[in-house]
Amino acid sequence: MRLLLIIVGLTLLLTPTLVNAQSASPSPFHQIQPRTVGEEHKQEVEKRHNQVQEHLKQVKNRHHAQIAEKIHQNLNHVNTTLTTAWSHHLSKMSEILIKLEDHLNQAAKDGKDVANTQAALNNAKQAVTTAENALNSQADKTYTFNISNPDHIGSDIQAARDTLHNDLKTVHETLKNAKEAVVEATKAVNQLVGGSHEGQ
Amino acid sequence: MKVNNKGISTIVVTIVLAAIFLLGGIAYYSYGNKGEKTSEQSAKTDNSPKGLVNEADSIELETVEAGFVEIDSDLKELK
């Protein structure tokens, strides 16, 4: 009787430890949260803008100086707008992958061969993580230009514009790959599971 | 004013009936609203494998070029 009480007592004591140990294991994939523009980034953009305003004082054509100032603001605005919008899509993709994982776990429990589908899901997770890293790096960047020749400011600004354009194209490519991989994963899961547990 | 036993009974019955109707109305209203929300929610989030295929397919990434229309137009003025 005493032995039984000791066993029950130890089981009760150890159960929370075991449960905690399981839940503390690092999750290989997480729900991505949409980005918001941080105060620090806003201040950095503002600082760069003030520097550009100073440089533009040496430009005699005031109309050109005003346009250059507007472009400078727009360069950073475009970067923020696109990276924020894309982060919402990445969030949605990660949400879909988490739901697919649930379907796949259920299929495995039902005794189905999930190997190929799991590979498609892992591929999608990897693609989304790659896109997330690229997006976060891009969102933290600020864009500016120096005035090397006050009479021909167009070429300096064009260079800054091209840098931003190329950087955004690179990130967009990773997002396109991520989307395609997620679509492939959903199709693979749908093919495996079909209508066997619809609506879960 | 003098109220007899019959009058008291009538008042009590009326109050009880009114309470029943009131509670019934509240319950019906609450149930109806919940029902609408549930059907709305299920329409928005179809978590079935087929629903997830459609959801992933419907993701439309904004193009890079869309953001550069104004910048490119302004740049032309500087050249």
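Please refer to the structure higher up on the page.
Note that the structure is predicted; figures quoted are calculated from it, not measured.

S.K.: Looking at this model, I keep getting lost on the overall build of chain A. Mind explaining?
M.R.: For chain A, the count of helices and strands is five helices and zero strands. Helices and strands appear in chain A in the N-to-C order α-α-α-α-α. The 200 residues of chain A split such that 40% are buried. Across chain A, contacts joining residues at least 24 apart in sequence account for 84% of those joining residues at least 6 apart. Accessible area for chain A stands at about 11500 Å²; split by element, carbon and sulfur atoms hold 54% of it.

S.K.: Help me understand the pattern of salt bridges in this model?
M.R.: Think of it this way: side chains of opposite charge can pair up when their charged atoms draw near. One pass over the structure, following the stated rule, counts 14 salt bridges over all chains. Linking Arg48 of chain A and Glu44 of chain A is a salt bridge whose minimum nitrogen-to-oxygen distance equals 3.1 Å. Taken together, the residues span about one helical turn, with Arg48 of chain A and Glu44 of chain A both in helix α2 (residues 39-55) at a distance of four residues. For Arg48 of chain A, a relative accessible area of 25% corresponds to the partly exposed category. In this structure Glu44 of chain A comes out as partly exposed when scored by relative accessible area, which is 26%. In this structure, Lys92 of chain A engages Glu55 of chain B in a salt bridge whose closest nitrogen and oxygen atoms are separated by 2.9 Å. Taken together, the positions of Lys92 of chain A in helix α3 (residues 62-109) and Glu55 of chain B in helix α2 (residues 49-57) put the pair across two chains. Looking at Lys92 of chain A, the relative accessible area reads 28%, which means it is partly exposed. Salt bridges linked by common partners bring Lys92, Glu95 and Lys99 of chain A together with Glu55 of chain B together as one network.

What counts, and at which threshold
- Residues numbered from 1 in each chain as written.
- Chains lettered and ligands numbered in written order.
- Predicted model: local features only at pLDDT ≥ 70, side-chain atom pairs only at ≥ 80, totals over all residues.
- Heavy atoms only, no water.
- Helix = DSSP H or I, 4+ residues; strand = E, 2+ residues; numbered from the N terminus.
- Buried < 20%, exposed > 50% of the residue type's maximum accessible area, 1.4 Å probe, protein only.
- Contact = heavy atoms within 4.5 Å.
- Areas by Shrake-Rupley, 256 points an atom, 1.4 Å probe, with all protein chains shown as cover.
- Salt bridge = Lys/Arg side-chain N within 4 Å of Asp/Glu carboxyl O.

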